[in-house]
Amino acid sequence: MTTSVSPLMAAEQLVAYIRISTNQYQNFIKNWDDKNHPLLVACIDTAAHYDAVFHPAPVIGGKKAFAPDATLYEKEQILIIARVMKNPENMDKVFVVKEVSANLNQLTIRYQYDEPKNDATSQVKNFLALQIPKISYAKVTIYENDKMVAVLKPSEKLWSIPEVKAEP
């Protein structure tokens, strides 16, 4: 018996996404070993995964939520790409999404990273966060400036690089 795959089934398809602003929630990305791992990447599909990557930032008078509502993960997930950099003039303009596409159970993210070129003396942990439909991807490949920089395998429990431990 021969099984064939329709060209339509094997074609890359664009994936709808919502970009989450760096200031949407009152939190920050936890520290990681950015010397050995310049990028922190994560495919967050549970509230526990989110809490393993982000830390709440309570401030007097703060009215924002610390994290998305846990019901978000019933139908959606969040992809995070983070790096330590000079403090940019606009946090949300450093990463420019070029394409988010899927081919069967493999997701590909392509983005442009423009390193801040300013005289800032401070550094920040900046990130790109994309909210996408929740699908059990076997592989998530991430390209920065047309160069492959990370491969996650969420179906094999490799949901972050470097590995982040999530509490149940």
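On a predicted model such as this, the values are computed, not experimentally measured, just so you know.

Novice: Give a description of the pattern of salt bridges that names residues and reports values.
Specialist: Tallying each qualifying case throughout the model produces three salt bridges. Note that E144 and R83 form a salt bridge whose closest N and O atoms lie 3.0 Å from each other. Pair noted here: E144 is in strand β10 (residues 139-144) and R83 is in strand β6 (residues 76-86), with a separation of 61 residues, a long-range link. Classification of E144 as buried rests on a relative accessible area of 11%. Salt-bridge contacts for K98 lead to D146; the nearest nitrogen and oxygen are separated by 3.0 Å. Here K98 is found in strand β7 (residues 95-103), whereas its partner D146 is found in the loop between β10 and β11 (147-152), with 48 residues between them in sequence. Using a relative accessible area of 43% as the deciding quantity, one classes K98 as partly exposed. Here D146 falls in the exposed class, since its relative accessible area comes to 56%.

Novice: Explain unusual backbone geometry residue by residue, including any values.
Specialist: Residue P162 follows I161 across a cis peptide bond; omega there is -5 degrees. Locating P162 in the fold gives a position in the segment after β12 (160-161). Located in the positive-phi region is K157, a residue other than glycine, with phi close to 70 degrees. Inspection of the secondary structure assignment puts K157 in the loop between β11 and β12.

Novice: Outline the sheet that holds β11, supporting the account with residue identities and numerical values.
Specialist: Taken together, five strands build an open sheet; the order of strands is β1-β7-β8-β10-β11 and the sheet is mixed. At either margin of the open sheet sits one strand with a lone partner, and together these are β1 (13-14) and β11. Two strands pair when backbone bridges link them, and β10 and β11 are joined in this way by five bridges, in the antiparallel orientation. Of the residues in β11, the one forming a bridge with E144 is K147.

Novice: How would you sum up the sheet that holds strand β4 (residues 39-44)? Please name residues and give values.
Specialist: Pairing between sheet strands relies on hydrogen bonds along the backbone, with the strands arranged either parallel or antiparallel. Strand order in this open sheet of five strands is β2-β9-β6-β4-β12, and the pairing throughout is antiparallel. This sheet does not close on itself; its edge strands, each paired only once, are β2 (18-20) and β12. Note: β4 against β12, two bridges, orientation antiparallel. Bridge pairing in β12 places V41 opposite I161.

Reading guide: rules and limits
Residues numbered from 1 in each chain as written. Predicted model: local features only at pLDDT ≥ 70, side-chain atom pairs only at ≥ 80, totals over all residues. Heavy atoms only, no water. Salt bridge = Lys/Arg side-chain N within 4 Å of Asp/Glu carboxyl O. Helix = DSSP H or I, 4+ residues; strand = E, 2+ residues; numbered from the N terminus. Buried < 20%, exposed > 50% of the residue type's maximum accessible area, 1.4 Å probe, protein only. Pairing = 2+ DSSP bridges.

Such coordinate-based values are descriptive only and should not be taken to indicate function.
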